[in-house]
Amino acid sequence: MPRRPHHALAFLLGLWLALAAVGPLGFAAAGDPDGAPDELAAERAAVAAATDAVRAAVGARPLPRQAGLDATAQAWSRHLAVTGVPRPGGTFDGPAAAVGPTRWNAAALAPDQAVAVAVTRWLGDPASRARLLDGAAPGSGIGIARRADGGRVVVQIYAEPAEPSGR
């Protein structure tokens, strides 16, 4: 226990400097446990832009991003980054309890591949292409997570179209 005020101030200053030096080394920024929040936000925006460009080329409207679907896609991409994407480097589809009643595409990318490669892969798979170009989808969410090898998993979830009222 410090006995003099200047000892207490020296202790607090030392503690503050230690925390300031160690904090950036050991922890990701709040709100993005994958680290580099600006980089991942830019990568998610690149996937959205590639998706909208492909949809525009076939006359479909852009897909607005939905915050709830973004959060679900981010959680799903983190899960797949750890457990693995079936058919690595490809796409897959199927129900996922964590995702709920939605349709989604995912792709595993090597460390040196741009995230827009995911959209190109989805276009090469008939089921993924159909989800990507579905004109009835009201929106989407995008998640990107890093794998241990430096690669990424890209997930895009598509909102289910609303059922017509009066049924």
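Position numbers for residues count from 1 along each chain, tracking the sequence in the order it is written. Local features in this predicted model are restricted to residues whose pLDDT is 70 or higher, and side-chain atom pairs enter the listing and the counts only when it is 80 or higher, whereas totals over whole chains, interfaces and linings include all residues. By convention in this description, side-chain values take in all heavy atoms of the structure and omit both hydrogens and water.

A. Focus on the sheet that holds strand S3 (residues 152-158). DSSP-based pairing: two strands are paired if at least 2 bridges between them are found. Secondary structure elements follow DSSP: runs of H or I no shorter than four residues count as helices, runs of E no shorter than two count as strands, and numbering proceeds from the N terminus. Read from one edge of the open sheet, three strands run S1-S3-S2, paired in antiparallel fashion. At either margin of the open sheet sits one strand with a lone partner, and together these are strand S1 (103-109) and strand S2 (140-146). Taken over all neighbouring pairs, the strand axes of this sheet differ in orientation by 15° on average, direction set aside. In this structure, S1 lies alongside S3, joined through seven bridges in antiparallel fashion. What sits directly across from Asn105, in S3, is Gln156. Contact criterion: two residues are considered in contact whenever any of their non-hydrogen atoms come within 4.5 Å of each other. A fitted line through C-alpha atoms serves as each axis, taken over the contacting stretch for helices, and the angle formed by two N-to-C directions is quoted from 0 to 180°. Lying on the sheet, helix H3 (residues 67-83) is in contact with S1, S2 and S3; it crosses S2 at an angle near 30°.

B. Representation of the pattern of salt bridges in the model. Here a salt bridge means any side-chain nitrogen of Lys or Arg lying within 4 Å of a carboxyl oxygen belonging to Asp or Glu. Here the structure, examined in full by the defined rule, presents three salt bridges. The residue Glu43 makes a salt bridge to Arg152 at a minimum N-O spacing of 2.7 Å. Separated by 109 residues along the polypeptide, Glu43 in helix H2 (residues 37-57) and Arg152 in strand S3 bring together distant segments of the chain. Only protein chains enter the accessibility calculation, which uses a 1.4 Å probe. A residue is then buried if its area is under 20% of the maximum for its type, exposed if over 50%, and partly exposed in between. According to the relative accessible area criterion, Glu43 is buried, its value standing at 12%. The shortest N-O distance in the salt bridge between Asp70 and Arg65 comes to 3.0 Å. Since its relative accessible area comes to 18%, Asp70 is described here as buried.

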